[in-house]
Structure formats: structure tokens, C-alpha cells
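Architecture and fold: a report
Now for the letters of each chain:
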Amino acid sequence: MDVNGRLSLLYRQIKMLLGIGRVTSMNDSGVVQQVQYQTPMEVRGKTPRLAEFGFSSGLPSGTDVILGFLGGDRSNAVIIASNHQTYRHSGLNAGETVIYNQWGLFIKLTETGIIVEARGQPVTVNHATTVTVNASDSVYLNTPVLKVSGDIIDNAGTNNTTLKNLRDTYNGHDHAVTGVEQGSATVTSKIPGEQVK
């Protein structure tokens, strides 16, 4: 092949290195996520999608993807970038980062703090031995009910008494009654009639 032929082949391969497609389905069960995409010319399945280590997402149908064709070979594609026009989280300021999904839940890191938007859904922390919140001012829980399945200890660095210990002590306590004359009178009070539960 002469020089012009080689340059022409190289030019075609360079032109074929990148493309744009749209996701029609995906499978996240294997060692690499596989996506089916369509372009105006083709529909191709089992296309590997590469993402950053430590971050994974399931691409919803209709997601736009950038396709990289290894060696300019249209039958050897990988997905290297993605964006969904409808679900994209917009309005970020310079320097902000957000993790989001198609249902509007997100965690946003801003200059002035972290926002967790659960949109009425539960937030769960699993299998932690200890959860520590280091707050320099306070921890404020704006909730109608605070539920704790175990004991509560305040001043935990210097105190070992639980709220249950205090409750049991109160419910079983009595005390001396002053000013009672000797005889058949009782000199200690009865335990409280109304028990704290």
C-alpha cells in the first residue's frame, strides 16, 4: 500500500474512533456492565461500559453515551461517557459535586456544606460497629419522634448510667418523710404511683 493509501486508511480510522449512541437496555450482573445502544445506523448489545473505580450507576434507557471504537473498528466499542438529558442534575456552582439518580435523590458537596436529599425515602447505614458524628456546635434532630432500640447514655465520657437505669431507680425509689409522729404512722413514702416507662 502506498503512502496515500496508508494516510487514507489512517484518516478513516481516526474518524471512526468516536461515536454517539443512546442506551436501550443494560445488564449490570457481570464483571463489567454491558449496555445495548442504538445509533442512526445500528443497534448493538453487550457493549462494555467503563466507569471510574469506586463509582457505578445503572444507565436508564434513553441515556446518551459516547462510544469509543478501539482501532476505529465499529464492531469493537466501549462506552466511555454518559449523560441523561431528562435526569441530569443541573444548577451546580463551580467546584460543587453531586451524586444523583433518576428519582431526584442526591448528595451534594457544596462550598458551605453537604446536602442529602432523600425526597421522603429512608436513609440507612448498615453494619457499622460505631457511627461517630464530630460536631463542634450541636446535633439537631428535627423529628416528631426519636426512637432508639437500646440504652441512652449522656455525658458518655464520664458517665455510665443509662436512661433505663435512671427510670428503674425512679420507679422503685422511696424517701424519708419528715414531720411524721411516731406510732403507727409510716416514716418512708411509697414508691411513685405513676411509673415512668
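See the structure above.
In this report, the structure presented in the accompanying data block is examined. (Residues numbered from 1 in each chain as written. Predicted model: local features only at pLDDT ≥ 70, side-chain atom pairs only at ≥ 80, totals over all residues. Heavy atoms only, no water.)

To continue, consider the overall build of the chain. The number of helices and strands found in the chain is 2 helices and 8 strands. For 197 residues, the compact-globule estimate of 2.2 N^0.38 gives 16 Å, and the chain exceeds it by more than 25% at 33 Å. Judged by the C-alpha coordinates and their principal axes, the chain covers about 125 × 35 × 30 Å. For the chain, the residues scored as buried account for 17% of the 197 residues in total. A sequence separation of at least 24 residues applies to 37% of the contacts in the chain between residues at least 6 apart. (Helix = DSSP H or I, 4+ residues; strand = E, 2+ residues; numbered from the N terminus. Rg over C-alpha atoms; globule rule 2.2 N^0.38 Å. Buried < 20%, exposed > 50% of the residue type's maximum accessible area, 1.4 Å probe, protein only. Contact = heavy atoms within 4.5 Å.)

For Arg119, which is not glycine, the phi dihedral falls at a positive 50°. With respect to the helices and strands, Arg119 occurs in the loop between strand E8 (114-117) and helix H2 (163-172).

On to the pairing of strand E7 (residues 106-109). Here E7 shows one buried face, formed by Phe106 and Lys108, and one open face, formed by Ile107 and Leu109. As paired strands, strand E6 (residues 97-100) and E7 are joined by 4 bridges and run antiparallel to one another. By the bridge assignment, Ile99 is partnered in E7 with Ile107. In sequence, E6 turns back onto E7 through a hairpin of 5 residues, with Gly104 there showing a positive phi of about 90°. The sheet contact formed by E7 and E8 spans 4 bridges and is antiparallel. (Pairing = 2+ DSSP bridges.)

Once that is clear, we can look at the layout of surface pockets. Its boundaries defined by the atoms lining it, the largest pocket holds a volume of some 530 Å³. Looking at the largest pocket, it is lined by 21 residues, and the ones nearest its centre are Phe55, Ser57, Leu59, Ser82 and Tyr100. For the lining of the largest pocket, the leading source of residues is E6, giving 3 residues. (1 Å grid on protein atoms, 1.4 Å probe; cavity = no way out; pocket = protein on both sides within 12 Å on 5 of 7 lines; lining within 4 Å. Points joined across faces, edges and corners; volume = space filled by probe spheres on them.)

This part is about the side chain of Thr39. Note on placement: Thr39 falls in the loop between strand E2 (34-38) and strand E3 (43-48). Ignoring anything within four residues of it in the chain, the contact list for Thr39 reads Ile20, Gly21 and Leu67.

Attention now goes to helix H1 (residues 3-15). When the terminal C-alpha atoms of H1 are compared, their 18 Å separation across 13 residues agrees well with the 18 Å that a helix rising 1.5 Å per residue should span. Little of H1 is tucked away: 0 of the 13 residues are buried. (Expected span 1.5 Å × (residues − 1).)

Read from one edge to the other, the open sheet built from 5 strands follows the order E3-E2-E1-E4-E5, with strand pairing classed as antiparallel. Every interior strand has two partners, whereas the edge strands, E3 and strand E5 (77-83), have only one. Strand-to-strand twist in this sheet, taken as the mean axis angle between neighbours without regard to direction, amounts to 45°. When strand E1 (residues 18-27) meets strand E4 (residues 64-69), the two strands line up antiparallel, connected through 5 bridges. Its bridge partner being in E4, Ile20 is matched across the sheet by Ile66. (Axes fitted to C-alpha atoms, helices over the stretch in contact; angles between N-to-C directions.)

Moving on to the sheet that holds E7. Read across the open sheet, the 3 strands follow the order E6-E7-E8; overall the sheet is antiparallel. Each edge of the open sheet carries a strand with a single partner, namely E6 and E8. The sheet shows a mean angle of 10° between the axes of neighbouring strands, direction not considered.

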